[in-house]
Amino acid sequence: MRNIPVYEPDLSGNERKYVLECLDSSWISSIGAFIGKFEAAIASTTSAPHAISVCNGTVALHLALHCLDIGPGDEVIVPTFTYIASVNTIAQTGATPVFAESRASDWQLDAADVERRITPRTKAIMPVHLFGGACDMTALMKIADRHGLKIVEDCAESLGTTIGGRHVGTFGDIGTFSFFGNKTVTTGEGGAVIATDDALAARLRMTKGQGQSLTRRYWHEVLGFNYRMTNIAAAIGLAQIERLEPVLARKRNIAAAYRELLSQLPVSFQAANNDVVGSDWLVSMLLPQGTDRDRLMQDMAEAGVDSRPVFYCAHTMPMYRSDEGFPIAQDIAARGLSVPSYPTMTDGDVARVCDALQSALRRQGKGALDNRPRLRTEAIGG
Ligand SMILES: *Cc1c(COP(=O)(O)O)cnc(C)c1O
């Protein structure tokens, strides 16, 4: 039986055709028609006035912070429960990452805790919209306005996620995206920043291209970086984003199937607020207290199903070590598990994942529901 990976991009659209156009025309570097087309597609998907491509989601964050003048002496508030790039890019500017707690319900940054951590040195907040969900941007924007802070939204995991119909990344000053191989839209490696302000967008565009003037060749107006995306990557991205709607629909469908099929098991899913339409990037859940997660993942792997732990808290890593406790974030980090969530998986694959998870939990006496009927996986076919 085929092994079910946690993620796998669907490259069955125009990806091959567009990449061949790059090769045949020799436009393989960071100038070419696909760059502008892909940027326009990102702008249209998010309704952001400006979208600027970069070569990965990490440099998108660094570029955003740099262009908001964040640097040595500044503090930026970030959840400790996030992917490490959110935190590293703050440190790379010379600023200090200040960790904040997560919410137990939706695993996102806790706005009330953010406000408690504001000091005279605080310059910005970095909400991270994790796993296709969304942070409480209404509360965070109020706090930012009250204290005169900038906001960089890390939307790497949330392309397609909206709050009250508005795409994440358009609430704060800058939103950033990743197009790594396991993200909802991929370009292999890639990223983007979106912004509303015209002057800020021009600065982002100039800075990502060596600080070169947008109108005068080899005239460099500001300190810049080479964070450019290639035309080949943009070609793949354009083909991907052309199919974003069906991909999102399928991913939402898969997430709904997991919730339905696993409703009998003692696992709890990340919740979402009413006004959030999530993109279900990676279906993740908390295992029951006391589960040996490594052993459970091993058992699932033996059944041909890959899974992965959620992130470790940044404040537990050697370079950011802090003795302060973040009990909610630490609990999510310790018990969280992500399961296969890629758009081409079949209903039968979803059912196999659920079966493997149920058996692995039972082996640890965590069924807790042993007297209930076995999962009726045939309910969704396959
Ligand atoms: C993937 C990811 C990034 C980094 O993106 P890369 O393209 O891998 O550099 C940043 N933040 C979060 C939350 C991510 O999931």
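Note that the structure is predicted; figures quoted are calculated from it, not measured. (Residues numbered from 1 in each chain as written. Predicted model: local features only at pLDDT ≥ 70, side-chain atom pairs only at ≥ 80, totals over all residues. Heavy atoms only, no water.)

A. Spotlight on the overall build of the chain. Tallying secondary structure elements over the chain gives 12 helices and 14 strands in all. Relative to the globule expectation of 21 Å for 382 residues, the C-alpha radius of gyration of the chain, 21 Å, shows essentially globular dimensions. Summarising its shape, the C-alpha atoms of the chain cover approximately 75 × 55 × 35 Å along the three principal directions. Sorting the 382 residues of the chain into buried and exposed places 57% on the buried side. (Helix = DSSP H or I, 4+ residues; strand = E, 2+ residues; numbered from the N terminus. Rg over C-alpha atoms; globule rule 2.2 N^0.38 Å. Buried < 20%, exposed > 50% of the residue type's maximum accessible area, 1.4 Å probe, protein only.)

B. Layout of the site of the ligand. Residues in close proximity to the ligand total 13 residues, the closest being Thr58, Asp154, Glu157, Ser178 and Lys183. Between the ligand and threonine 58 there is a distance of 2.5 Å, counted from an oxygen atom to a side-chain nitrogen or oxygen. Separating an oxygen atom of the ligand from a side-chain N or O atom of serine 178 is a distance of 2.7 Å. Here the ligand, which alone exposes 380 Å², has 93% of that area covered by the protein. A per-class count over the shell around the ligand returns four nonpolar, six polar and three charged. (Near = heavy atom within 4 Å. Polar contact = N/O pair within 3.5 Å; in protein donor to acceptor, adjacent residues only side chain to side chain. Areas by Shrake-Rupley, 256 points an atom, 1.4 Å probe, with all protein chains shown as cover. Nonpolar A, V, L, I, M, F, W, Y, C, P; charged D, E, K, R; others polar.)

C. Up close: the pairing of strand S1 (residues 50–54). Most of S1 is tucked away: four of the five residues are buried. Here S1 runs beside strand S9 (residues 191–195); their pairing, made up of five bridges, is antiparallel. The residue bridging histidine 50 from the neighbouring strand is alanine 195, located in S9. (Pairing = 2+ DSSP bridges.)

D. How the structure looks around unusual backbone geometry. At phenylalanine 131, a residue that is not glycine, the phi angle is positive and equals roughly 60°. By secondary structure assignment, the location of phenylalanine 131 is in the loop between strand S4 (122–125) and helix H6 (137–147). Judged by relative accessible area, phenylalanine 131 falls into the buried class, the value being 3%.

E. Seen up close, the pattern of salt bridges. Counted under the stated rule, the structure contains 18 salt bridges. Notably, a salt bridge pairs arginine 205 with glutamate 39, separated by 3.0 Å at the nearest N-O pair. Of this pair, arginine 205 sits in helix H7 (residues 198–208) while glutamate 39 sits in helix H2 (residues 33–46), placing them 166 residues apart in sequence. Residue aspartate 299 is joined to arginine 363 by a salt bridge in which the shortest nitrogen-to-oxygen separation is 3.4 Å. Of the two residues, aspartate 299 is situated in helix H10 (residues 293–302) and arginine 363 in helix H12 (residues 347–363); the sequence distance between them amounts to 64 residues. Relative accessible area serves as the criterion here: at 12%, aspartate 299 is assigned to the buried category. (Salt bridge = Lys/Arg side-chain N within 4 Å of Asp/Glu carboxyl O.)

F. Layout of the environment of tryptophan 27. Within the element layout of this structure, tryptophan 27 appears in the loop between helix H1 (15–25) and H2. Its relative accessible area of 46% is what places tryptophan 27 among the partly exposed residues. The spatial distance from the C-alpha of tryptophan 27 to the C-alpha of isoleucine 232 is 7.9 Å, given a sequence separation of 205 residues. With sequence-adjacent residues up to four places away left out, tryptophan 27 is seen in contact with Cys22, Gly32 and Asn231. (Contact = heavy atoms within 4.5 Å.)

G. Spatial organisation of the nonpolar core. By size, the foremost hydrophobic cluster in this structure holds 76 residues, and its most contacted members are Phe81, Phe131, Leu204, Tyr258, Leu262, Met300 and Leu357. Looking at this core, you find at least three residues from each of domain 1 (15–241) and domain 2 (245–380). Not counting chain neighbours up to four residues away, the residues in contact with leucine 204 comprise Ile52, Leu63, Ala64, Cys67, Ile174, Val193 and Ala195. Of all hydrophobic cores here, the second largest spans 46 residues; its members include Ile125, Ile143, Phe179 and Val185. (Core = buried A, V, L, I, M, F, W, Y, C linked by side-chain atoms within 4.5 Å. Domains from an automatic or database assignment.)

H. Quick peek at the packing of helix H3 (residues 57–67) against H7. In contact at an axis separation of 10 Å, H3 and H7 are set at 125° when each is read in the N-to-C sense. On the basis of their axis angle, the class for H3 and H7 is oblique. Relative to H7, the crossing made by H3 is right-handed. For the pair H3 and H7, contact is made by Leu63, Ala64, His66 and Cys67 and by Leu200, Arg203, Leu204, Thr207 and Lys208, respectively. Residue composition of the contact of H3 with H7, grouped by class: five nonpolar, two polar and two charged. (Axes fitted to C-alpha atoms, helices over the stretch in contact; angles between N-to-C directions. Parallel < 35°, antiparallel > 145°, perpendicular 65-115°, else oblique. Left-handed = near helix turned anticlockwise from the far one by under 90°.)

I. Structural context of the sheet that holds S9. Read across the open sheet, the seven strands follow the order S1-S9-S8-S5-S4-S2-S3; overall the sheet is mixed. The sheet terminates laterally at S1 and strand S3 (96–100), the two strands that pair on one side only. The average undirected angle you get between the axes of adjacent strands in this sheet is 25°. Across the sheet, H3 touches S1, strand S5 (150–154), strand S8 (174–178) and S9, and the angle it forms with S8 is around 165°.

J. Local environment of H2. End to end, H2 covers 21 Å across 14 residues, agreeing with the expected 20 Å (1.5 Å per residue, within 8%). Regarding H2, the residues found buried are Phe34, Ile35, Phe38, Glu39, Ala41, Ile42, Ala43 and Thr46. (Expected span 1.5 Å × (residues − 1).)

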